[in-house]
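Descriptive structure summary
So you can see what is in the structure, the chains are spelled out below.
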Amino acid sequence: MDKIIEQIEKLTVLELADLVKALEEKFGVSAAPVAVVAGASGAPTGATEAAPEQTSFNVILTSGGANKIAAIKAVREIVPTLGLKEAKDLVEAAPKPVLEGVNKATAEEAKAKLTAAGGTVELQ
């Protein structure tokens, strides 16, 4: 563990940013800090606050489309741990979540693959 820390200490800021991005993509997580917004206990002040940007997405297959075989193949590409039967069951039981709690890039990539296969996808 100490060796890893020593190696990280030697990295430049740009290299650290690349490392963080690679880890986020590899593990489907976000290193962005989570903001806690406390509700006001008095009268509204009239000022509107921007909602925090969503960092975690669920990819929901709402329909497998006309070409279910292509949708099944796309699901297996996105979730390689699923077997053929599990992927087929997921596509046929739509609407069903394909991925949960992933970053925006992963969610968009999965949506593109499923849409290209003829499926209908919703990001939440």
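Coordinates for the structure precede this section.
Predicted model only: the values in this text are computed from it and were never measured. (Residues numbered from 1 in each chain as written. Predicted model: local features only at pLDDT ≥ 70, side-chain atom pairs only at ≥ 80, totals over all residues. Heavy atoms only, no water.)

Looking at the environment of Lys-104
Our working definition: Put simply, DSSP marks the helices as runs of H or I at least four residues long and the strands as runs of E at least two long, and each gets a number from the N terminus on. Burial classification: accessible surface area is computed with a 1.4 Å probe over protein chains only, and a residue below 20% of its type maximum counts as buried, one above 50% as exposed, and the rest as partly exposed. We call two residues in contact when some of their heavy atoms are within 4.5 Å.
In this fold, Lys-104 is placed in helix 5 (residues 104-116). We classify Lys-104 as partly exposed; its relative accessible area is 46%. In this structure, Lys-104 is in contact with Thr-55 and Phe-57, ignoring residues within four places of it in sequence.

Description of the pattern of salt bridges
Defined as follows: Each salt bridge in this description consists of a side-chain nitrogen of Lys or Arg and a carboxyl oxygen of Asp or Glu lying within 4 Å of one another.
Inspection of the entire model under this criterion finds four salt bridges. Between Asp-89 and Lys-85 there is a salt bridge, with the nearest N and O atoms lying 3.0 Å from each other. One end of the pair is Asp-89 and the other is Lys-85, both in helix 4 (residues 84-92) and four residues apart, which spans about a single turn. Owing to a relative accessible area of 57%, Lys-85 belongs among the exposed residues under this scheme.

What to know about the sheet that holds strand 2 (residues 96-102)
How we decide: Should DSSP find at least two bridges between two strands, the strands are taken to pair. Where helices are involved, their axes are fitted lines through C-alpha atoms of the stretch in contact, as for all axes, and angles between N-to-C directions lie from 0 to 180°.
Strand order in this open sheet of three strands is 2-1-3, and the pairing throughout is antiparallel. Looking along the sheet, the strands with just one partner apiece sit at the ends: strand 2 and strand 3 (120-123). In this sheet, adjacent strand axes meet at a mean angle of 20 degrees when their direction is disregarded. Pairing between strand 1 (residues 57-63) and strand 3: four bridges, direction antiparallel. Bridge pairing in strand 3 links Val-59 to Leu-123.

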